[in-house]
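Coordinate inspection notes
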Number of protein chains: 2
Amino acid sequence: MIERLCIIGVGLIGGSLARALRAAGFCHEIVGAGRSAEHLQKAVELGVIDRYETDPALAVAGADMVFVAVPLGAMQSVFSAIKGRLAAGAVLTDAGSAKGSVLETVHQVFGEVPGFFVPGHPIAGTEQSGVEASFAGLYKNRRVILTPVESTDAQAAGRVRAMWEAAGAEVVEMDPVHHDAVLAATSHLPHLLAFTLVDSLVRLADQQELFEYAAGGFRDFTRIASSDPVMWRDICLANHDAIELLIEHFISDLESVNQAVQARDGDRLLEIFTNAKRARDGFIEK
Amino acid sequence: MIERLCIIGVGLIGGSLARALRAAGFCHEIVGAGRSAEHLQKAVELGVIDRYETDPALAVAGADMVFVAVPLGAMQSVFSAIKGRLAAGAVLTDAGSAKGSVLETVHQVFGEVPGFFVPGHPIAGTEQSGVEASFAGLYKNRRVILTPVESTDAQAAGRVRAMWEAAGAEVVEMDPVHHDAVLAATSHLPHLLAFTLVDSLVRLADQQELFEYAAGGFRDFTRIASSDPVMWRDICLANHDAIELLIEHFISDLESVNQAVQARDGDRLLEIFTNAKRARDGFIEK
């Protein structure tokens, strides 16, 4: 149980956790924090949070659990603001999509990675953003990856795990570097490809006409290009090492596909497509 | 109205047209043709076609409308088989995803593009294939592009248009070269990217683990990588000119994105992502 949960960043991710924990009866009070009072007021009206503060330092007062769900680029200023203001025994966790950079930021701000900080990342989301898009079922049967380091307090990690499980998620632990490599492949690269494709096509051609003849495949393929640009800029900057490696790998593979197209090498194309279909169908069955 | 519709290739595309026209009461009899008697028997059992022939030359006998919905690579043998076997006054149309290659094939087989041939392409489909995946609503409110050429008989084109409208589609006409460029951008390139990404990731890493941590974004982004490999090999070979151009354009744009990641150029990344999101959101609103 959480007595007072403080959520810094009440958007899709933060708002959905609030809704899920409230539905589960897992916390008594939820305090929101963020930059926009108007936005936070909306969250109160939607019943997502009980009250709010626009100053994170005030919001964390007396909270036994603090959840930071802001874009990666805003983490440093949030951590700086709440440093020294957390209640005794409070646990701090986050939802950042790249764990190496969050750990680095925490270390910079606190001078160490404090035992009460439990790095986390819920593998859930939609292309929507904002508290209006939040819903209690977002984490149901989804994975949450925790990436504790040596200094992480085991009891703190246990409390974060219990919180996510109460929200319906399955919690796993992973090394932060490995997390960043896996997410670069399954999430960051696909988002970059979708953004780049849509931008590329818009600049190439008559956008109006292009989209007029786009079918369902294009709609699904580009869904993630409707994601929040600021969040994704921050992820690219934060996880640039792993992402660069993957983009280069992908470009090299795409060049090889293009060579097969140019050489009219149907066997090679069929091999690639069949391999991809087999893997993707297998993934979907599970 | 169609008296006897012959569908060569009773899969998702051919089967769905049959179901739609039957539901609309637009044709009296539907004869299927294909290579597999077992598959065609299944189509009869599903009520999609009334009867079948495995020899296209026999299937087209007495049909006033013939619809060819086989992969592009199988078009030549189908056209060769039915040449000289069509009933007087019969109209021939197809569903090929690349019109330049179909027109070339027709010209090769018939020595000209006959007036009775109306090149067509329904902009509809799912990642499923086979007659089991067909459904009457597939073409409802979807576009069908006809790409008639100078020799195309206007009355024949009118009959094909009426057929697709009866199936619920909106019919437009387009120059075949322009069609191939538009479809390369909105369909062929995205499919290639999805196939290449999944193949690339599978060869890169522990596929089991990767897919375990993939979320909804990845599932949607890679949906089209579950498409039929043979159909897509044929499309890549048939529309290779337009596709090569686009892959090169895309690689160059992706390299520029990678440079922005390497240079930690957040402004440039934000610009690209914002531009893409704006275009994609605009497309979805319509």
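Please read all numbers here as calculations on a predicted model, not as lab measurements.

On to the domain arrangement of chain A, then. All names here are of chain A. Split into domains, chain A comes out as domain 1 (2-174) and domain 2 (178-285). The gap between the C-alpha centroids of domain 1 and domain 2 is 30 Å. Contacts between the two partners involve 14 residues from domain 1 and, on the opposite side, 16 residues from domain 2. At three residues, helix 5 (residues 99-110) tops the list of elements feeding residues into the side of domain 1 that touches domain 2.

Looking now at the interface of chain B and chain A. Each side of the interface is counted separately: chain B has 77 residues, and chain A has 77 residues. Looking at the side of chain B that touches chain A, the elements with two or more residues in it are helix 7 (176-204), helix 8 (207-212), helix 9 (216-221), helix 10 (229-238), helix 11 (240-262) and helix 12 (266-285) of chain B. Sorting elements by how many residues they give to the side of chain B that touches chain A places helix 7 of chain B first, with 18 residues. Classifying every residue of the side of chain B that touches chain A gives 44 nonpolar, 19 polar and 14 charged.

Below, the discussion takes up the sheet that holds strand 7 (residues 120-122) of chain B. Residue and element names in this part refer to chain B. The strand order across the open sheet formed by three strands is 7-8-9, and the pairing between neighbours is mixed. Two strands close off the open sheet at either side, each with one partner strand: strand 7 and strand 9 (170-173). This sheet shows a mean twist of 20° between the axes of neighbouring strands, independent of strand direction. Taken together, the four bridges between strand 8 (residues 143-146) and strand 9 define a ladder with parallel strand orientation. For Leu-146, the partnering residue across the bridge sits in strand 9 and is Glu-173.

This part is about the packing of helix 5 (residues 99-110) of chain B against helix 7 of chain B. All names here are of chain B. Axis separation between helix 5 and helix 7 bottoms out at 8 Å; the angle between their running directions is 140°. If you check the angle between helix 5 and helix 7, you find them oblique. Touching Lys-99, Gly-100 and Leu-103 of helix 5 are Pro-176, Val-177, His-179 and Asp-180, all from helix 7. In terms of residue class, the contact of helix 5 with helix 7 is made up of three nonpolar, two polar and two charged.

Residues and elements named next belong to chain A. One non-glycine residue with positive phi stands out, namely Asn-141, at about 60°. Structurally, the position occupied by Asn-141 is in the loop between strand 7 (120-122) and strand 8 (143-146). A count of 9 C-beta atoms within 10 Å places Asn-141 in the exposed class. Of note, Arg-264 is a non-glycine position whose phi angle comes to about 50°, a positive value. Mapped onto the elements of the fold, Arg-264 is located in the loop between helix 11 (240-262) and helix 12 (266-285).

Right, let's talk about the packing of helix 4 (residues 75-82) of chain A against helix 5 of chain A for a bit. All names here are of chain A. Viewed as axis vectors pointing N to C, helix 4 and helix 5 meet at an angle of 35°, and their least axial separation amounts to 9 Å. The two elements helix 4 and helix 5 cross, and the hand of that crossing is right-handed. Across the interface between the two elements, Met-75, Gln-76, Phe-79 and Ser-80 from helix 4 touch Val-102, Thr-105, Val-106 and Val-109 from helix 5. Here the residues of the contact of helix 4 with helix 5 are counted per class, giving five nonpolar, three polar and no charged.

This part covers the relation of the copies chain B and chain A. With an axial shift of 0.0 Å and an RMSD of 0.0 Å, the rotation relating chain B to chain A amounts to 180°. Here the copies are linked by what is in effect a two-fold axis. In terms of proximity to the rotation axis, the leading residue of chain B is Phe-221 of chain B, whose C-alpha is 2.1 Å off the axis.

Reading guide: rules and limits
Residues numbered from 1 in each chain as written. Chains lettered and ligands numbered in written order. Predicted model: local features only at pLDDT ≥ 70, side-chain atom pairs only at ≥ 80, totals over all residues. Domains from an automatic or database assignment. Contact = placed C-beta atoms within 7 Å. Helix = DSSP H or I, 4+ residues; strand = E, 2+ residues; numbered from the N terminus. Nonpolar A, V, L, I, M, F, W, Y, C, P; charged D, E, K, R; others polar. Pairing = 2+ DSSP bridges. Axes fitted to C-alpha atoms, helices over the stretch in contact; angles between N-to-C directions. Parallel < 35°, antiparallel > 145°, perpendicular 65-115°, else oblique. Buried ≥ 20, exposed ≤ 12 C-beta atoms within 10 Å, placed from the backbone. Left-handed = near helix turned anticlockwise from the far one by under 90°. Least-squares fit on C-alpha atoms with pLDDT ≥ 70 in both.

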